[in-house]
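Structural characterization, general
Here's the letter readout for the chains.
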Amino acid sequence: MFSSRPISAPFIIISALLFFNQQVHAQQSWTNFRGNNLDGISEATSCPIKWTPDSAIVWKTKIHGRAWSSPVVIDNQIWMTTASTDGKEMSAVCVDFRTGEILKDAIVFRPDSIESKHDINSYATPTPCIEQEFVYVHFGQYGTACLRTSDASVVWQRSDMYCKHVQGPGSSPLIYKNMLILHLEGTDRQRIIALDKATGSTIWETERPAELYDKLEPIGKKAYITPIIINVNGRDLMISNGSAVCIAYDPMTGQEVWRVAQGEDSTISMPVTDGNMVYFYTGFVTKGDDRYAELFAVDPSGSGDVTSTHIRWRMEAPILQLSTPIVRDGLLYTVDTKNIIMCIEATTGEIVWSTRAKGKFNSSPVFAAGNIYFCSTTGETTVIKAGREYEKLAANELDGEIWTTPVVIDNSLLIRTSEYLYKIH
């Protein structure tokens, strides 16, 4: 169903070299939230399984402020955002991948006024995205900026895209071709904006459908998701699951292609894909005394309202799902808000195995070298062997809390805790 874009070359040897170079670059960069392909999957051939605060740690670097944004990496530069606990200073920090030395630490925004946020959120939760020469940092309503990676100087910045997040910002930006795509979905407006990544000027802007959102309470209209880009039959689609609807947009124009409508409050978890279907958690619904979300598997080849035609399976889930699943080799791995880790048959929705874990999992898992890494807010990382039989390999402790999604680079792990950034190898 999905089409990929093959690398064309006149000779097999050139194709092989290009593929090798791409694989090397992929292992040495982590350019978006959840990786180069926004899927949480690394092609690393090895990755540490066991560590303690005193072993397997290459370095640890204290990062000032409070922030749940994950690192992004390119050319041995690790970039992340942070903010003071009161939100009055919002910064970008660059750390040397090899040594852990802080190379750059720049205040990007000093907002005139700060609105409240949820106790578990931070003022620097959106993860930056990065490419050669430029890093793009986003603090929701407080501002978005493009910085040069050479010296942290500002290329452009915007602070005019207001949104009542109510509980603080959460959606991460996405680079697509010449654009930086942002989600600003609050209680007042629910809009998606594509900026020219070179200048910061608006290319297109679209609002969520009024006929679905007008009937919701204001508190139910907000969302904190990061979208993904897929290719269906030669056409790129941006999959974006808001609080009341998941919509496939044309990322060049912001025009709607299809929708699946369900939900009456908050979505946080990202969509994922295995190349055949799209999987996403809906906003929660209320039926009588029950409130629940659902995990949907959707055939993405339709158009218009596909709610009754293209859902291939659905599964009830606890509300307020924060963590995004991993899909690999026909299996979907997820941890819900009741701390149940599940392995699910991707084509049917059948639960292959499940287990209750300790702690809360507000970050998303990553896959590397045949294993799945789940980080909890208590500072513990549970490592599970991917597959149809449950096999726990390790439970590793670090000092502090883990709210951010790990990064896999050059067969090493980067884990950001509430105080430190760790390199583990």
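Coordinates for the structure precede this section.
Every value quoted in this text rests on a predicted model; they were computed, and no experiment measured them.

Turning next to the nonpolar core. Counting 34 residues, the largest nonpolar core has Ile-181, Leu-237, Ile-239, Trp-258 and Val-260 as its most contacted members. Of the residues forming this core, the biggest block, 5 residues, is contributed by strand β16 (residues 245-249). In this view, Ile-239 contacts Pro-227, Ile-228, Ile-230, Cys-246, Ile-247, Ala-248, Trp-258, Pro-271 and Val-278; residues no more than four positions away in its chain are not counted. If you look at the next biggest cluster of nonpolar residues, it comprises 29 residues, including Ala-44, Cys-47, Ile-78 and Val-93.

By the element assignment, Glu-345 lies in strand β26 (residues 340-345). Under the relative-accessibility criterion, Glu-345 is labelled buried at 17%. Contact partners of Glu-345, with chain neighbours within four places excluded, come to Trp-313, Gly-330, Leu-331, Glu-350, Val-352 and Arg-388.

With respect to the helices, strands and loops of the structure, Lys-197 is situated in the loop between β12 (190-196) and β13 (202-207). At 2.9 Å, the side chain of Lys-197 forms a polar contact with the side chain of Glu-131. Beyond its immediate chain neighbours, meaning those up to four positions away, Lys-197 contacts Glu-131, Tyr-136, Cys-146, Trp-156, Ile-175, Lys-177, Asn-178, Met-179 and Leu-180.

Turning to the environment of Ala-261, a few remarks are in order. Inspection of the secondary structure puts Ala-261 in strand β17 (residues 256-261). Residue classification places Ala-261 among the partly exposed positions, given a relative accessible area of 25%. Separated by 88 residues in sequence, Ala-261 and Pro-173 place their C-alpha atoms 24 Å apart. Beyond its immediate chain neighbours, meaning those up to four positions away, Ala-261 contacts Leu-212, Ala-244, Val-245 and Thr-307.

The subject of this paragraph is the environment of Asp-399. Tracing the chain through its elements places Asp-399 in the loop between β31 (392-397) and β32 (407-409). Distance from Asp-399 to Ser-418, taken between C-alpha atoms, is 8.7 Å for residues 19 residues apart in sequence. Those residues in contact with Asp-399 that lie beyond four places of it in its chain are Pro-53, Lys-60, Thr-417 and Tyr-422.

Quick notes on the rules
Residues numbered from 1 in each chain as written. Predicted model: local features only at pLDDT ≥ 70, side-chain atom pairs only at ≥ 80, totals over all residues. Heavy atoms only, no water. Core = buried A, V, L, I, M, F, W, Y, C linked by side-chain atoms within 4.5 Å. Buried < 20%, exposed > 50% of the residue type's maximum accessible area, 1.4 Å probe, protein only. Helix = DSSP H or I, 4+ residues; strand = E, 2+ residues; numbered from the N terminus. Contact = heavy atoms within 4.5 Å. Polar contact = N/O pair within 3.5 Å; in protein donor to acceptor, adjacent residues only side chain to side chain.

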